[in-house]
Amino acid sequence: MNKIFFLITFIISSTALGQEVVHMGRSSKALLLGDAYTARADDEYTLFYNPAALGRNSGVEISPLNPQIGVTNALDEVDRFKDFPSSDAAAISDRLLGFPVFVQAGAYPGLKMASFGFNLFARTRTSLLLENTVHPLLDIDYRVDRGFVAGFAYNFGKSSKSKQGLRSSLGISLKHIQREGLAGQFDLFGTELLSKIQNDVEDIDDIRNALGWSKGKAWGVDLGFEQSLRTSFSELSWGASILDVGGTKFRKVSGDVDIPEQEMYINAGVNWKQNFGIIAYSLSADLHPINVYMPFSRKIHLGLEVDLPFVSLLGGFSEGYLSYGLELRLWPFKFIAGFYSNELGVEFKEFEAKRAVFQLNLFDIDIDI
């Protein structure tokens, strides 16, 4: 009896990974800056970080085409795939054990006109992790999101209409999301998984439906606050945002399994930047998500950008891991690429998921009024 209890305890403890913090949309640039972006949020992803940041916009910005791709960074794990077995299920699972597979593709075309912003979005995201040597279990999180978000910021205070001095902003955004996908943990060699995919399965859609594929719709709200103190060469900004106030809950349209809600995240940050003409730099720091129970050290995010003509060097620190990359600007193209990591475990630096991100913007337009 004691041996059985010990075995069950071992299985549970060895698979007790934490829930990855999954946001609705993440800026490629922000990810390479440690995701310290709450008080920065100055690109086409503003509404996914802090709607109050629209208050700093004084012109028209259009980003019509900006495809983004994220994948697992397997450069340090090349040996796993040498002489990879082709038919032995046990050998394949042994090679993939503990290797987090991640693939994401999406686009977030947007418009900012003065203090109003609008984004369409479409994203597919797949995360797979095979864990536990004794009893292999496959974690699957596969979701497809489509929809739009619209937001507005209101500036107030004595200097709200001046480009210099103190500016205060309140922001709000409304979003509509259509989400479909599946999420769960499956016994890789158990009879339940086999029975699901063997009964009346003719194509990939049948497999997805058997595993719990569902569709849903939801409306969500974001709130934000920002203040900035600006001089001729520098700007200090600080702010906070509440994303998906109260949690964005989905109304199920089809399927047998409830759609996971988009959780509420409370974020706070500060940003300092200086511009000397030929060179500029930015330092940012965030604390998020404040309302999620996790080690405090996982909530610390830091970012540094060095901006030179045509190129920016990006570096960051997030959840204990370093990130780095670059942004290349040669209109009509803007290209962003780099490497970062996410925490999949519970504790600080427990289970690192190494990832790479690439983004190509085409025909961005920025008109200052």
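Up top is the structure.
To start, this report covers the structure provided alongside it. Computed from a prediction, not measured in an experiment: that's the story for all the values here.

### Here's the deal with the overall build of the protein chain
Phase 1: Each helix and strand counted, the protein chain has 5 helices and 18 strands in total.
Phase 2: Long-range contacts, defined here as pairs at least 24 residues apart, represent 62% of the contacts in the protein chain between residues at least 6 apart.

### So, unusual backbone geometry
Phase 1: A cis amide bond, omega -10 degrees, links H288 with the succeeding residue P289.
Phase 2: Note on placement: P289 falls in the loop between β12 (280–287) and β13 (300–308).
Phase 3: Residue K349 is not a glycine yet carries a positive backbone phi of 55 degrees.
Phase 4: Structurally, K349 is set in the loop between β16 (333–343) and β17 (352–362).
Phase 5: Note on K349: relative accessible area 46%, which makes it partly exposed.
Phase 6: Residues other than glycine seldom take positive phi values, yet F363 does so here, at roughly 60 degrees.
Phase 7: Within the element layout of this structure, F363 appears in the loop between β17 and β18 (365–367).
Phase 8: A relative accessible area of 44% places F363 in the partly exposed class.

### Things to note about the pairing of strand β3 (residues 101–107)
Phase 1: The two faces of β3 differ: F102, Q104 and G106 on one face are buried, but V101, V103, A105 and A107 on the other face are not.
Phase 2: Here strand β2 (residues 68–72) runs beside β3; their pairing, made up of 4 bridges, is antiparallel. Bridge pairing links G70 to Q104 in β3.
Phase 3: Summarising the sheet, β3 and strand β5 (residues 116–131) pair through 7 bridges and their orientation is antiparallel. From the neighbouring strand, A107 faces β5, where its bridge partner is A122.

### Remarks on the packing of aromatic side chains
Phase 1: For the coordinates displayed, the defined rule picks out 11 aromatic pairs.
Phase 2: With 6.2 Å between their ring centres and 55 degrees between their planes, Y45 and F48 make a pair best called tilted.
Phase 3: Residue Y45 is classed as buried on the basis of its relative accessible area, which comes to 0%.
Phase 4: Classification of F48 as buried rests on a relative accessible area of 5%.
Phase 5: On the basis of an interplanar angle of 85 degrees and a centroid distance of 5.3 Å, the ring pair of F48 and Y108 is categorised as edge-to-face. A residue pair is termed long-range when its members are at least 10 positions apart, and F48 in the loop between α2 (28–32) and β1 (60–63) and Y108 in the loop between β3 and β4 (110–113) qualify at 60 residues.

Reading guide: rules and limits
Residues numbered from 1 in each chain as written. Predicted model: local features only at pLDDT ≥ 70, side-chain atom pairs only at ≥ 80, totals over all residues. Heavy atoms only, no water. Helix = DSSP H or I, 4+ residues; strand = E, 2+ residues; numbered from the N terminus. Contact = heavy atoms within 4.5 Å. Buried < 20%, exposed > 50% of the residue type's maximum accessible area, 1.4 Å probe, protein only. Pairing = 2+ DSSP bridges. Phe/Tyr/Trp six-rings, centres within 6.5 Å; stacked < 30°, edge-to-face > 60°.

Any functional reading would require information beyond the geometric quantities listed.
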